[in-house]
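Residue-level listing of the chains:
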Amino acid sequence: MHRMIGRRKLLEAAGLALAFTPSTRAFADDLLRQGRAPQNLATPTGLFDRLITPTPSFFVRSHFGPPALDRARPLRVTGLVTSALTLDAAELARSFPPVTVTAVLQCAGNGRALHEPRVPGLQWTHGAMGQATFTGVRLGDLLRKAGVAPGNLARTHVHLHGADAPPKPQTPAFVRSIPIERALDPTTLVAYRMNGEDLTLAHGAPLRLVVPGWAGDHWVKWLVELSLQKEEARGFFMTTAYRMPTEEVAPGAAVPPEKMRPATTFPVKSIIGAPADGGRAPRGPQRVAGVAFSGVAPIAKVEVSLDDGKTWRAAKLEGAPGAGRWVVFEHRFDRSEPGRVRALARATDRQGNTQPERAAWNPSGYFWNAWHAVSWEVA
Ligand SMILES: Nc1nc2c(c(=O)[nH]1)N[C@H]1C(S)=C(S)[C@@H](COP(=O)(O)O)O[C@H]1N2
Ligand SMILES: [Mo]
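Cut-offs and rules
- Residues numbered from 1 in each chain as written.
- Chains lettered and ligands numbered in written order.
- Predicted model: local features only at pLDDT ≥ 70, side-chain atom pairs only at ≥ 80, totals over all residues.
- Heavy atoms only, no water.
- Domains from an automatic or database assignment.
- Contact = heavy atoms within 4.5 Å.
- Buried area = accessible area lost by both parts, 1.4 Å probe.
- Salt bridge = Lys/Arg side-chain N within 4 Å of Asp/Glu carboxyl O.
- Polar contact = N/O pair within 3.5 Å; in protein donor to acceptor, adjacent residues only side chain to side chain.
- Nonpolar A, V, L, I, M, F, W, Y, C, P; charged D, E, K, R; others polar.
- Near = heavy atom within 4 Å.
- Areas by Shrake-Rupley, 256 points an atom, 1.4 Å probe, with all protein chains shown as cover.

I tried to follow the domain arrangement of the protein chain on my own but got confused; where do I start?
Often the size quoted for an interface is simply the accessible area lost on bringing the parts together. On domain assignment, one finds that the protein chain holds domain 1 (7-57), domain 2 (75-262) and domain 3 (269-378). With centres defined by C-alpha atoms, the gap from domain 1 to domain 2 works out at 21 Å. Residue-level contacts link 15 residues of domain 1 with 16 residues of domain 2. The junction of domain 1 with domain 2 conceals about 1,200 Å² of combined surface from both sides, 63% of it contributed by carbon and sulfur atoms. Remark: the boundary between domain 1 and domain 2 carries zero salt bridges. Our count for the domain 1 to domain 2 interface comes out at six residue pairs in polar contact (both at pLDDT 80 or more). When the residues that make up the side of domain 1 that touches domain 2 are grouped by side-chain class, the tally is eight nonpolar, seven polar and no charged.

Below you can see the structure in the form of structure tokens.
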């Protein structure tokens, strides 16, 4: 017994990203390797028919792979604050009221492989997203504790630093920042738990940022420093990556840098998790189920079409609606004749944004959200 624990601790301490080898139990067997780097793993589409994505099957996206696991690693709050703070996850949890949010974590590049024309980058289809409960402390509470002179607050940015190091000195570090309004949003958390358990190493242990409604690159993992600054963070991951055209552009068009803005809030989207595309089902009752969400506003409705978009039926929704949170939708119908069935889903949020038939192409292939179609054979 003692030996097993000792060995696990040792390997974790050695930072062997052990979680990524199939012989350990940190990940379920259904996660799909995305690209060559072992730290990018996709959630299978079949899990997108339920409210919570189980942590072992939750997608992973890490630019450089995780640092060593150190649950006592201190987090520093620095910059334009009146008293800098240093505290570890346990002190953080003791010092501030716990807050739990249920939120979608989605990589900006989710669905990149489906953009036409193709764009370079990890070729995610649907699996770079999941929904979990995250528990932590409000970033706003932490900043208030550190003390911010009111005159200092306006137009500031919180710079987010993780403990993961780039593989080569020439490689830029993964540094992001968020504007102060977003930092003070009551749903923005420094989280230490996911789905009721301590964060796993792959998902940012001991502390990660949670920014419901915003793309995953803002959800910085392995946090070591939060620094209040007058300017946005600079560097590759702010000024080049994670930017979208300010207006829709023609597919394949080159977009000048001054016509680009940060990719923040993800648009309305739904994905059909069941049945599986290309599968078979017996004659009789059929069930289409999936998830729908928008970073902008709660979901108002999800519609399903069985005739290539000519007519639509409202699906039944389950789960508490909220911006940046998904609901499960379900549509049941009967099919007594054998043959191919094709189902389409389209979600609309409470601001009236409806999922488009075609996604807006952009040079980095972000935010694909076209109608999702699945076909199956009724036999
Ligand atoms: N420190 C650090 N944080 C990071 C990243 C990273 O490479 N390093 N990747 C980001 C990106 S691009 C995404 S989509 C999410 C993925 O979170 P997950 O691996 O928990 O699913 O983490 C974000 N936080
Ligand atoms: Mo991402």
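Explain the site of ligand 1 here, please?
As a matter of local geometry, ligand 1 sits amid 20 residues, with Phe-59, Asp-164, His-203, Arg-208 and Lys-221 nearest to it. Phe-59 places a polar main-chain atom, nitrogen or oxygen, 2.7 Å from an oxygen atom of ligand 1. A distance of 2.7 Å separates an oxygen atom of ligand 1 from a polar side-chain atom of His-203. Out of a free accessible area of 530 Å², ligand 1 has 100% covered by protein chains. Its residues assigned to classes, the shell around ligand 1 shows eleven nonpolar, four polar and five charged.

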